[in-house]
Amino acid sequence: VAAGASKFATDKQTTPTAAVRESIGNGLAQEELSLDAAVRAEDSINSSLRLLHTGLGCHVAALLWYDEEGNRLVLRDAVGQTESLARNVHPGEGALAGVLRRREPVHIQSLRSSYRGLTYYRNTNPGPVRNFLGVPVMENDSDEARVLGVLCLDRASDAPFDASAEGLALDAAGAIVRAMT
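As the structure is a computational prediction, the values presented were derived from the model and not from experiment.

**Things to note about the environment of Val 79**
Move 1: Inspection of the secondary structure puts Val 79 in strand E2 (residues 73-80).
Move 2: On the accessibility criterion, Val 79 (7% relative accessible area) is buried.
Move 3: On a C-alpha basis, the gap between Val 79 and Leu 63 in space is 9.3 Å, while along the polypeptide they are 16 residues apart.
Move 4: Excluding its chain neighbours within four sequence positions, the residues that come into contact with Val 79 are Asn 46, Leu 49, Arg 50, His 53, His 59, Val 60 and Ala 61.

Here it is as structure tokens:
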């Protein structure tokens, strides 16, 4: 028995303790992989927003994502003058409602300072914003695709967003979905 017990204690593949350790090790490795994937996704989202912000001369480039219940849009990430952005927004109001309802990009040009439809700003006050481009972030390109969030771009300048800017924003929305899945 002592010889068997000795063998059992040194055989890492057959001991219950070794099996538990291996399972825990595999679980930790999976958690590390999941964490690494999440960090890479966040980095990819932030890089996309930075490119849009810089390349399109945005005041703000922001990603709003549905919460788990699908009731609110939550600010996932933003670049630019972000101190006056709301952290979560009701999706049925303002310009965001138009993007979500139409399921296609929405441009709003020559905004007045009194315009209150950019609900991703606290108190719906967009400050110096003059132009808005909202792009739905869809899980795929089908007509039945679920809307996951909204990519919001705005400018303080009088230059409206053109078709080229819209195409770039649509490409970024696709890249964000790929990073998230």
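Don't stop here, the text continues.
**Thoughts on helix H4 (residues 163-180)**
Move 1: Taking 1.5 Å of rise per residue, 18 residues should cover 26 Å, and H4 covers 26 Å from first to last C-alpha, within 8% of that figure.
Move 2: Within the span of H4, buried status applies to Ala 165, Ala 169, Ala 172, Ala 173, Ile 176 and Val 177. For H4, the angular spread of buried residues about the axis comes to 140°, placing them on one side. Turned more than 90 degrees away from the buried face of H4, the exposed residues are Ala 163, Ser 164, Asp 171 and Arg 178.
Move 3: For H4, the N-terminal cap is Asp 162; the gap from its side-chain oxygen to the backbone nitrogen of Ser 164 is 3.2 Å.

**Details of the sheet that holds E2**
Sheets are built from strands paired through backbone hydrogen bonds, the pairs being either parallel or antiparallel.
Move 1: Across the sheet, 6 strands lie side by side as E3-E2-E1-E6-E5-E4; this open sheet has antiparallel pairing. The open sheet is flanked by strand E3 (88-89) and strand E4 (106-108), the only strands paired with a single partner.
Move 2: Along the sheet face, H4 touches strand E1 (60-66), E2, E4, strand E5 (131-138) and strand E6 (147-155) and points at about 35° away from the line of E5.

**Some words on the nonpolar core**
For soluble globular proteins, the rule of thumb is that nonpolar side chains tend to be buried together.
Move 1: Grouped together as the largest cluster of nonpolar side chains are 26 residues, with contacts concentrated most on Leu 85, Leu 96, Leu 118, Tyr 120, Phe 132 and Cys 152.
Move 2: For this core, the secondary-structure elements that each account for two or more residues are E1, E2, helix H3 (94-102), E4, E5 and E6.
Move 3: Here this core takes 4 residues from H3, the largest share from any one element.
Move 4: Setting aside residues up to four positions removed in sequence, Leu 118 forms contacts with Ala 95, Leu 111, Thr 124, Pro 126, Val 129 and Phe 132.
Move 5: Of all hydrophobic cores here, the second largest spans 22 residues; its members include Leu 49, Val 135, Val 137 and Leu 153.

**A look at the packing of aromatic side chains**
Move 1: Applying the stated criterion across every chain, the model contains 2 aromatic pairs.
Move 2: Ring geometry for Tyr 120 against Tyr 121: centres 4.9 Å apart, planes inclined by 35°, an arrangement best described as tilted. Each member of the pair, Tyr 120 as well as Tyr 121, is classed as buried.
Move 3: Among the aromatic residues, ring-to-ring pairing joins Tyr 120, Tyr 121 and Phe 132 into one connected group.
Move 4: A cation over an aromatic ring shows up here: Arg 76 above the ring of Trp 65, its NZ or CZ 6.0 Å from the ring centre.
Move 5: Over the ring of Phe 161 we find Arg 155; its NZ or CZ atom is 4.1 Å from the centre of that ring.

**Observations regarding the pairing of E1**
Move 1: Burial of E1 is extensive: 6 of the 7 residues sit out of reach of the surface.
Move 2: Sheet topology note: the E1/E2 ladder contains 7 bridges and is antiparallel. Note that in E2 the partner of Trp 65 across the bridge is Val 74.
Move 3: Hairpin remark: E1 followed by E2, antiparallel, with 6 residues in the connecting loop; positive phi at Gly 70, about 75°.
Move 4: Sheet topology note: the E1/E6 ladder contains 6 bridges and is antiparallel. Considered in E6, the bridge of Ala 62 is made with Cys 152.

Cut-offs and rules
- Residues numbered from 1 in each chain as written.
- Predicted model: local features only at pLDDT ≥ 70, side-chain atom pairs only at ≥ 80, totals over all residues.
- Heavy atoms only, no water.
- Helix = DSSP H or I, 4+ residues; strand = E, 2+ residues; numbered from the N terminus.
- Buried < 20%, exposed > 50% of the residue type's maximum accessible area, 1.4 Å probe, protein only.
- Contact = heavy atoms within 4.5 Å.
- Expected span 1.5 Å × (residues − 1).
- Arc of directions from axis to C-beta.
- Polar contact = N/O pair within 3.5 Å; in protein donor to acceptor, adjacent residues only side chain to side chain.
- Pairing = 2+ DSSP bridges.
- Axes fitted to C-alpha atoms, helices over the stretch in contact; angles between N-to-C directions.
- Core = buried A, V, L, I, M, F, W, Y, C linked by side-chain atoms within 4.5 Å.
- Phe/Tyr/Trp six-rings, centres within 6.5 Å; stacked < 30°, edge-to-face > 60°.
- Lys NZ or Arg CZ within 6 Å of the ring centre and 35° of its normal.

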